Amino acid sequence: MEFFDCNCWYGVPMSPPLDPAPTPAEVLAEMDRVGVQRALVRNCAVFEESPEVGNPLTLQAREASDRLVPAWAILPPQTGELGDVATFLAAMKAAGVAALWAYPNAHRYLLNTTTFGALFEELQDRGIPLFLPREEGSGGLMCYAAANEVLRDFPRLTLVVAGHGSWGEDRYFRPLMERFPNFAVDTSCYELDGGIAEICRKYGPHRLLFGTAFPIMRMGGAYLGLLHAEISDDHRAWVAGGNLKRLLEQARL
Amino acid sequence: MNFTSPIVEEYVAHGRSADCPVINTHAHFGPYKAIYFPMDAPEQVLHTMDACGVRWLIAAAHGALVDTDRGNKEFAEVIARYPDRLKGYWAINPGYPERVVREVAAFEQFEGFVGFKFLSDYYQYPITGPNYAPALEYANEHGLPILLHTWGGSPYDGPDVVEETARRYPNARLLMGHAGYGEWERASQVARDYPNVFLELTAAYRVRGALEIMVRVAGSEKITFGDDHPWFDPRYGIGGVLFAHISDEDRRNILYRNAQRVFGLPV
């Protein structure tokens, strides 16, 4: 069974985490220490500076190790920093990047059809997953409301909310799971006792992706939480890495 | 994977350790307004405890944090059904000062309660305020533990407030719930400087680097494990302790030895 962390970054943010991870080496060391085989990573410059800076920097992770898979961040096509939709998708294909993150608060845009309709149409058709960090919303509300708005217009889009808050958010995200077949959350901070098991039972194992929120959070908690969650080994393998692996392999760049 | 720690190896292999049990010093019971719990019935709580090697769970009922008079008594009935696995914190609500004296007196009438629970931030009332004084004086007189919700920067229960409380009531054993979340160094200093102050790990276990600060500054003898159960799965919190950069002696101190000592519980 492969543990493939979907929510992991490195780099030098404005305010350092308690235990910084400035380079891919720190990510790899923690992965080895815990038993995580691969990670979908981004350089924190994608959200701290700009995707213009962070997207190319993130490609360096793959140079450090093929266990690190780069992900990029999006910006509104209208301002052109990352080119128009066709140019951006071509750049993704050239770089072999098959997953994207959105930071609507940090980058000050509306995550909706007006802004991203053309891009989301392509992402939906190509099966390219979009990750939305939970901390981008206030108390979860804005994040899940944005996800709901996007998915109403693009119901087949793979949208993953990452970084569950400490307070329960099942009342926010379970309706989205019920309605949209490709909506998922990561397990980095989904600590609810019995939560993983109940999601697998009610919605299937494809609605959860193993994540750690490294380097803010330890990898060990999310790892042990999933390793011994009361689910079948088949479901565990999907959540641990199978889902992310399949998403990245099936994305048509 | 080859782990250098036998405890880590055992937990990874089996999800629990016969040799290194867990005492959960920060838990809750019953429904709560802000969160859905799939595993909050008493039998489900016991099931999770068994699966994760949790020997004892010390909890305050959610209902008792709102209506102490009703909630504490209802929880006493649950504890009475599982006297060899569950212990209780008797919740004190400073918002009803006329009740506090009466409820401190009632504490002795119910079996299975091992201390008080203060949730000062939520009541927006400082631990050092006069409404808490009857409970603190009682705890000081009897050497009783109090689980304090503590949070970095809080004027109600931040590390500075805890220090003042520890100075005033040197015989009350103060557990800093959430370890003064965010003010890791300062909270650890208070735990280091006051024999009656301990750091409790709920939510703090997940923050990379926090536990290492606590062990370095306060020492692992001053830290207890907790996870706000049923909010959080103990596996997640235990994993945070297991994979921290600390020794197996530290892990044993944190996971059960210190709680044994503070609460006088057998394992």
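Everything numeric in this text was worked out from a predicted model, so none of it was measured.

Quick notes on the rules
- Residues numbered from 1 in each chain as written.
- Chains lettered and ligands numbered in written order.
- Predicted model: local features only at pLDDT ≥ 70, side-chain atom pairs only at ≥ 80, totals over all residues.
- Contact = placed C-beta atoms within 7 Å.
- Helix = DSSP H or I, 4+ residues; strand = E, 2+ residues; numbered from the N terminus.
- Nonpolar A, V, L, I, M, F, W, Y, C, P; charged D, E, K, R; others polar.
- Pairing = 2+ DSSP bridges.
- Axes fitted to C-alpha atoms, helices over the stretch in contact; angles between N-to-C directions.
- Core = buried A, V, L, I, M, F, W, Y, C linked by C-beta atoms within 7 Å.
- Buried ≥ 20, exposed ≤ 12 C-beta atoms within 10 Å, placed from the backbone.

Engineer: Describe the interface of chain B and chain A, with residues and values.
Structural biologist: Facing the 30 residues of chain B at the interface are 30 residues of chain A. Of all elements in the fold, only helix 1 (6-14) and helix 11 (234-242) of chain B reach the threshold of two or more residues within the side of chain B that touches chain A. Looking at which element gives the most residues to the side of chain B that touches chain A, the answer is helix 11 of chain B, with seven residues. Each residue belonging to the side of chain B that touches chain A can be placed in one class, and the counts come to 19 nonpolar, seven polar and four charged.

Engineer: Could you give an account of the sheet that holds strand 3 (residues 68-70) of chain A, naming the residues involved and the relevant values?
Structural biologist: All names here are of chain A. With parallel pairing, three strands are arranged side by side in an open sheet as 1-2-3. Looking at strand neighbours, the two that pair on one side only are strand 1 (4-10) and strand 3, the edges of this open sheet. Going from strand to strand, the sheet's axes swing by 35° on average, the running direction of each strand aside. Across five bridges, strand 1 lies against strand 2 (residues 38-43) in parallel orientation. Residue pairing for strand 2: Trp-9 is matched across the bridge by Arg-42. The sheet strands contacting helix 10 (residues 233-250) are strand 1, strand 2 and strand 3, and the helix crosses strand 1 at an angle near 80°.

Engineer: Provide a residue-level description of the environment of Phe183(A), including the pertinent values.
Structural biologist: All names here are of chain A. If you trace the backbone, Phe-183 turns up in strand 8 (residues 183-186). Phe-183 sits 24 residues away from Leu-159 along the chain, and the two C-alpha atoms are 5.0 Å apart. If we skip the residues at most four places from it in the chain, Phe-183 touches Ala-147, Leu-151, Leu-159, Leu-176 and Met-177.

Engineer: So what about the nonpolar core? Which residues, and what values?
Structural biologist: Within the largest apolar cluster, 180 residues are counted, with the highest numbers of intra-cluster contacts made by Val41(A), Leu100(A) and Met176(B). Broken down by element, the residue count for this core peaks at seven residues, all from strand 2 (residues 54-61) of chain B. The contacts of Met176(B), once residues within four sequence positions are left out, are Leu148(B), Thr150(B), Val162(B), Ala187(B), Ala191(B), Val197(B), Phe198(B), Leu199(B) and Glu200(B).

No statement about biological role is implied by the geometric values presented.
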